[in-house]
Amino acid sequence: EIVMTQSPATLSVSPGEGVTLSCRASQSVNVNVVWYQQRPGQAPRLLVYGASIRATGIPDRFSGSGSGTEFTLTISSLQSEDFGIYYCQQYTNWPALTFGGGTKVEIK
Amino acid sequence: QMQLQESGPGLVKPSETLSLTCNVSGGSINSDSYYWGWIRQTPGKGLEWIGAIYHTGDTHFSPSLSSRVTMSVDGSKNHFSLNLHSVTAADTGVYYCARFYGGSGWGWGQGTLVTVSS
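Since this is a predicted model, take the numbers as computed values, not measurements.

A.B. asks: It is not clear to me how the nonpolar core should be interpreted in this structure. Could you clarify?
C.D. replies: Inside soluble globular proteins, nonpolar side chains tend to come together where they are buried. Grouped together as the largest cluster of nonpolar side chains are 43 residues, with contacts concentrated most on L21, W35, Y86 and F99 of chain A together with I39, F100 and W108 of chain B. V12, V24, I50 and F80 of chain B belong to the second-largest nonpolar core, a separate cluster that totals 25 residues.

Encoded structure:
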């Protein structure tokens, strides 16, 4: 099973600042990675697929990059609605998939 | 716009079977484009993949849960179901159903809390 490791576990950020979240795969997953955002009390929402393609309706302050085993999600200027938990997920052997443990982005 | 909604008991006794249904509206579950998946979130933990089913009945399960999971799909009712057998307290959590296209979860239900307790 491919293991996805996210870092850091928690980020404390002020509104308006930029952040970069990391996700590492235990083996190459090419660009078969997605990122989700989960706000408190809500279901996850798809942000990015194919490592770098924003999903429909996602603001351009969100950008994904990476390939192989190293991936990042960058939020260029945090808005109040961006605080929550972010998960990466790989699907290189779809329909098998695995999630990362999540990075919590909290208000500083 | 396709929407998903989980339903089922919120309380299950240990050793019994957790049964949930996901109703799909705004589109057909018989689409060739999608797999229909189940994911859970246990207390203090992140997201855990349970498995997925195609409209033909083809299934794929997480290796860690495969011995206890069954899934089914009903095209006439436009819903799909999850059965998790022999549950313990460790199975307590929020269970989500989701629509997957090419490995990406494009639409999720709101989630349903299931507590395993006697």
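That shown, we press on.
A.B. asks: So what exactly am I meant to see when it comes to the side chain of R68 of chain B here?
C.D. replies: With respect to the secondary-structure elements, R68 of chain B resides in the loop between β6 (59-61) and β7 (69-74). At 3.4 Å, the side chain of R68 of chain B and the backbone oxygen of S86 of chain B are in polar contact.

A.B. asks: Whenever I open this one, the state of the cysteines confuses me. Can you help?
C.D. replies: Cysteine pairs can be linked by a disulfide, which is a covalent bond between their two sulfur atoms. Evaluated as defined, the whole model comprises two disulfides over all chains. Shown here is the disulfide that connects C23 of chain A with C88 of chain A, its sulfur atoms set 2.0 Å apart. Across the disulfide from C23 of chain A to C88 of chain A, rotation about the S-S bond amounts to roughly 70 degrees, and the bridge is consequently right-handed. Of this pair, C23 of chain A sits in strand β3 (residues 19-25) while C88 of chain A sits in strand β9 (residues 84-90), and the two are 65 residues apart along the sequence. The two residues C23 of chain A and C88 of chain A agree in class, both being buried. Disulfide pairing places C22 of chain B opposite C97 of chain B at an S-S distance of 2.0 Å.

A.B. asks: Help me understand the interface of chain A and chain B in this model?
C.D. replies: Size of an interface: often given as the accessible area lost when the parts come together. Facing 19 residues of chain A, the contacting portion of chain B comprises 20 residues. Of the roughly 1700 Å² buried at the junction of chain A and chain B (both faces included), carbon and sulfur atoms supply 67%. Ranking the residues of chain A by area buried against chain B places W94, P95 and F99 of chain A at the top, with a combined share of 33%. At the boundary of chain A and chain B, one finds zero salt bridges. Linking chain A with chain B are five residue pairs in polar contact (both at pLDDT 80 or more). Elements with a contribution of two residues or more to the side of chain A that touches chain B: β4 (33-38), β5 (45-49) and β9 of chain A. Ranked by the residues each element gives to the side of chain A that touches chain B, the list is headed by β4 of chain A, at three residues. Residue composition of the side of chain A that touches chain B, by class: 14 nonpolar, four polar and one charged.

Parameters at a glance
Residues numbered from 1 in each chain as written. Chains lettered and ligands numbered in written order. Predicted model: local features only at pLDDT ≥ 70, side-chain atom pairs only at ≥ 80, totals over all residues. Heavy atoms only, no water. Core = buried A, V, L, I, M, F, W, Y, C linked by side-chain atoms within 4.5 Å. Buried < 20%, exposed > 50% of the residue type's maximum accessible area, 1.4 Å probe, protein only. Helix = DSSP H or I, 4+ residues; strand = E, 2+ residues; numbered from the N terminus. Polar contact = N/O pair within 3.5 Å; in protein donor to acceptor, adjacent residues only side chain to side chain. Disulfide = S-S within 2.5 Å. Contact = heavy atoms within 4.5 Å. Buried area = accessible area lost by both parts, 1.4 Å probe. Salt bridge = Lys/Arg side-chain N within 4 Å of Asp/Glu carboxyl O. Nonpolar A, V, L, I, M, F, W, Y, C, P; charged D, E, K, R; others polar.

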